[in-house]
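Observations on the model geometry
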Amino acid sequence: MTRRSRAREVVLQVLFEDDMNPGHSLTRSERFVRQRLNHDPALVEFALTLLAGVRHHRPELDRMLAERAQNWSLRRMAVTDRNVLRLGAYEILCTEMPGRVAINEAVELARRFGAGQSAHFVNGVLDRFLKEAQQQRGSSAQQQQAGAAAGDEHEGAGPDPS
């Protein structure tokens, strides 16, 4: 297991606790992360950044995941699966991690901590999530290029100086 994979595992444990005990202490969570990662500064920073990001974007992530998890509400999902999906979706949307790598990391977490079909479920939902995110990025890039091209065309527009 890579060092960052270990950090994701610890983040998943804290997200699981967040889900099961919403009122728990954030300081306790941070202390848990530091202890489980042996106070390694780079890993602790990576883990706490992921944790803060998932917590901050949770309502948006939940809405988007619910739309992509066909025939599954978030409440019906296993707690582990739900939190693996949140972590994977956050990495796809909000980090520089390549989407396929984020999916592979999430699938490994689901395989290790979830039920028998968790890895397949997580893979399917996040794959759909990634494809839609790539399509949206592609259409945004096309719109930006079209806007820039339109701006270039209009740059020389105006009265003819001759």
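Higher on the page you've got the structure.
Residues numbered from 1 in each chain as written. Predicted model: local features only at pLDDT ≥ 70, side-chain atom pairs only at ≥ 80, totals over all residues. Heavy atoms only, no water.

**Observations regarding the overall build of the protein**
When you go through the protein residue by residue, the secondary structure sums to six helices and zero strands. The linear arrangement of helices and strands in the protein, starting from the amino end, is α-α-α-α-α-α. Expressed as a percentage of the 162 residues in the protein, the buried residues total 41%. Residue pairs in contact within the protein that sit at least 24 positions apart in sequence constitute 69% of those at least 6 positions apart. Accessible surface, the protein: about 9,600 Å² in total, of which carbon and sulfur atoms supply 50%. (Helix = DSSP H or I, 4+ residues; strand = E, 2+ residues; numbered from the N terminus. Buried < 20%, exposed > 50% of the residue type's maximum accessible area, 1.4 Å probe, protein only. Contact = heavy atoms within 4.5 Å. Areas by Shrake-Rupley, 256 points an atom, 1.4 Å probe, with all protein chains shown as cover.)

**Some remarks on unusual backbone geometry**
Not every positive phi belongs to a glycine, and Asn38 is a case in point at roughly 55°. Summarising the element assignment, Asn38 is placed in the loop between α2 (26-36) and α3 (41-68). The backbone phi angle of His39 is positive, close to 60°, even though this residue is not glycine. Mapped onto the secondary structure, His39 falls in the loop between α2 and α3.

**With respect to the nonpolar core**
Counting residues in each nonpolar core, the largest one holds 42 residues, and the members touching the most others are Leu37, Leu65, Leu85, Ile92, Val122 and Leu126. Of all elements in the fold, only α1 (3-20), α3, α4 (79-94), α5 (99-113) and α6 (118-155) reach the threshold of two or more residues within this core. Among the elements that take part in this core, α3 stands out by supplying 10 residues, more than any other. The contacts of Ile92, once residues within four sequence positions are left out, are Gly99, Ala102, Ile103, Leu126, Phe129, Leu130, Ala133 and Arg137. (Core = buried A, V, L, I, M, F, W, Y, C linked by side-chain atoms within 4.5 Å.)

**Topic: the pattern of salt bridges**
Tallying each qualifying case throughout the model produces 19 salt bridges. For Glu9, the salt bridge goes to Arg112, with nearest N and O atoms at 2.4 Å. A residue pair is termed long-range when its members are at least 10 positions apart, and Glu9 in helix α1 and Arg112 in helix α5 qualify at 103 residues. A relative accessible area of 6% places Glu9 in the buried class. As a salt-bridge pair, Asp62 and Arg86 come within 2.6 Å of each other at their nearest N and O atoms. (Salt bridge = Lys/Arg side-chain N within 4 Å of Asp/Glu carboxyl O.)

**Describing α3**
In this model α3 runs just 35 Å from its N-terminal to its C-terminal C-alpha over 28 residues, more than 12% under the 40 Å that 1.5 Å per residue would give. Largest kink in α3: about 70°, centred on Arg58, with the proline Pro59 one to four residues after it. Put simply, Asp40 is the residue that caps the front of α3, since its side-chain oxygen is 3.1 Å from the backbone nitrogen of Ala42. (Expected span 1.5 Å × (residues − 1). Bend = angle between axes of the 7 residues up to and from the residue. Polar contact = N/O pair within 3.5 Å; in protein donor to acceptor, adjacent residues only side chain to side chain.)

**Focus on the packing of α1 against α5**
Look at α1 against α5: their axes get within 11 Å of each other, and the N-to-C directions meet at 60°. In terms of axis orientation, α1 runs oblique to α5. Crossing of α1 against α5: the hand is right-handed. Taken together, the residues of α5 that come into contact with α1 (itself represented by Ser5, Arg8, Glu9, Leu12 and Gln13) are Glu105, Leu109, Arg112 and Phe113. Looking at the contact of α1 with α5 residue by residue, the classes come out as three nonpolar, two polar and four charged. (Axes fitted to C-alpha atoms, helices over the stretch in contact; angles between N-to-C directions. Parallel < 35°, antiparallel > 145°, perpendicular 65-115°, else oblique. Left-handed = near helix turned anticlockwise from the far one by under 90°. Nonpolar A, V, L, I, M, F, W, Y, C, P; charged D, E, K, R; others polar.)

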